[in-house]
Amino acid sequence: LVVSILGYLIGITVGALQGYYGGWIDIGSQRLVEIWSAIPFLFVIMIIVSMIQPTFLLLVVLLVLLRAWIGITFYVRGEYLREKAKDYVQAAIGSGVGDGKIMLKHIFPNTLVPIISSAPFGIVGLISSLVSLDYLGFGLPPGTPSWGALLRQGLENVRFHPHLTIIPTAALAVTLFCVVMVGEAVREALDPKVFSRLR
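Thresholds applied
Residues numbered from 1 in each chain as written. Predicted model: local features only at pLDDT ≥ 70, side-chain atom pairs only at ≥ 80, totals over all residues. Heavy atoms only, no water. Helix = DSSP H or I, 4+ residues; strand = E, 2+ residues; numbered from the N terminus. Rg over C-alpha atoms; globule rule 2.2 N^0.38 Å. Buried < 20%, exposed > 50% of the residue type's maximum accessible area, 1.4 Å probe, protein only. Polar contact = N/O pair within 3.5 Å; in protein donor to acceptor, adjacent residues only side chain to side chain. Salt bridge = Lys/Arg side-chain N within 4 Å of Asp/Glu carboxyl O. Core = buried A, V, L, I, M, F, W, Y, C linked by side-chain atoms within 4.5 Å. Contact = heavy atoms within 4.5 Å. pLDDT = per-residue confidence, 0-100. 1 Å grid on protein atoms, 1.4 Å probe; cavity = no way out; pocket = protein on both sides within 12 Å on 5 of 7 lines; lining within 4 Å. Points joined across faces, edges and corners; volume = space filled by probe spheres on them. Nonpolar A, V, L, I, M, F, W, Y, C, P; charged D, E, K, R; others polar. Axes fitted to C-alpha atoms, helices over the stretch in contact; angles between N-to-C directions. Parallel < 35°, antiparallel > 145°, perpendicular 65-115°, else oblique. Left-handed = near helix turned anticlockwise from the far one by under 90°.

**Focus: the overall build of the protein**
Part 1: Scanning the protein from N- to C-terminus turns up 11 helices and zero strands.
Part 2: Shown N-terminal to C-terminal, the secondary structure of the protein runs as helices and strands in the order α-α-α-α-α-α-α-α-α-α-α.
Part 3: Compactness check: the protein gives a C-alpha radius of gyration of 21 Å against a globular reference of 16 Å for 199 residues, more than 25% above the reference.
Part 4: Judged by the C-alpha coordinates and their principal axes, the protein covers about 70 × 50 × 20 Å.
Part 5: Looking at the 199 residues of the protein, the share that counts as buried comes to 34%.

**Focus: the side chain of S29**
Part 1: Looking at where S29 falls in the secondary structure, it is placed in helix 2 (residues 23-37).
Part 2: Among the polar contacts listed, one links the side chain of S29 to the backbone oxygen of I25, at a separation of 2.5 Å.

**Here we look at the pattern of salt bridges**
Part 1: Scanning the model with the defined rule gives five salt bridges in all.
Part 2: As a salt-bridge pair, R31 and E34 come within 3.0 Å of each other at their nearest N and O atoms. Placement of the pair is R31 and E34 together in helix 2, with a separation of three residues, close to one helical turn.
Part 3: Since its relative accessible area comes to 39%, R31 is described here as partly exposed.
Part 4: Look at E34 and you get partly exposed, because its relative accessible area is 36%.
Part 5: For E79, the salt bridge is made with R82, and the minimal N-O distance between the two is 2.5 Å. Separated by three residues within a single helix, E79 and R82 lie in helix 5 (residues 70-84), roughly one turn from each other.
Part 6: Judged by relative accessible area, R82 falls into the partly exposed class, the value being 41%.

**Description of the nonpolar core**
Part 1: Within the largest apolar cluster, 14 residues are counted, with the highest numbers of intra-cluster contacts made by V3, F41, I45, L59, L63 and L133.
Part 2: Of all elements in the fold, only helix 3 (41-51), helix 4 (56-68) and helix 8 (112-136) reach the threshold of two or more residues within this core.
Part 3: With residues up to four places along the chain from it excluded, the contact list for L59 reads I45, V49, L133, F138, G139 and L140.
Part 4: Counting residues in each nonpolar core, the second largest holds 13 residues, with I72, V76, V89 and M103 among its members.

**Looking at the confidence of the model for the protein**
Part 1: Scored by pLDDT, the protein has a mean of 85; 95% of the residues are at 70 or more.
Part 2: The secondary-structure element of the protein with the lowest mean pLDDT is helix 11 (residues 192-196), recorded at 56, while helix 1 (residues 2-21) shows the highest, at 90.

**Side note on the layout of surface pockets**
Part 1: Empty space within the largest pocket amounts to approximately 440 Å³.
Part 2: If you go around the largest pocket, you meet 19 residues; those closest to its centre are L1, F56, L126, I127 and L130.
Part 3: Going through the elements one at a time, helix 1, helix 4, helix 8 and helix 9 (147-156) are the ones with two or more residues in the lining of the largest pocket.
Part 4: In terms of residues, the lining of the largest pocket owes the most to one element, helix 8, which gives six residues.
Part 5: In terms of residue class, the lining of the largest pocket is made up of 15 nonpolar, three polar and one charged.

**Description of the packing of helix 8 against helix 9**
Part 1: Running from N to C, helix 8 and helix 9 point in directions that differ by 45 degrees, and their axes come no closer than 7 Å. In terms of orientation, helix 8 and helix 9 fall into the oblique class. Here the hand of the crossing between helix 8 and helix 9 comes out right-handed. For the pair formed by helix 8 and helix 9, the contact residues are I127, V131, D134 and Y135 on the first element and W147, G148, A149, L151, R152 and L155 on the second.
Part 2: Class assignment for the residues of the contact of helix 8 with helix 9 results in seven nonpolar, one polar and two charged.

Structure below.
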């Protein structure tokens, strides 16, 4: 959750600046984002963690910088590009409202649906990444409880104690399913288009 919140704050800011200002700011920053997104972040984290002892704070910083902010940037950029051309934004610009206020108070509320829709899938991806790192031995230090460490221990004893693998796998699957269901419920609750449909 910490990684998701920090990553979304960075990604929404970058995507909003790209979509609202456009031009060379959009083109230049978009190329940098595309180059950055091509970096294989799991391998980079493995290389860094193999040289220094991983801590929770280090993993949070690495996941935020290398991955968590990239996906939402594309969504927010597209929404700001679409909303910027609408009449209410042009009316606000004509009234002399500042760029920051237009971006935050006028356009941002209309971009919440795709942001909330993609949030659960981002959280699922980050949970899977942390489980993968812990399973491979590049995650949190030994002794820290995690599903990845439990899966690794279960796999070492799977022949005589298969429940050590089944229980963490089931817990992980149920958690990921619940995150997606909660995200879907929040999206439906906040979607303004649902209330405008004729039933």
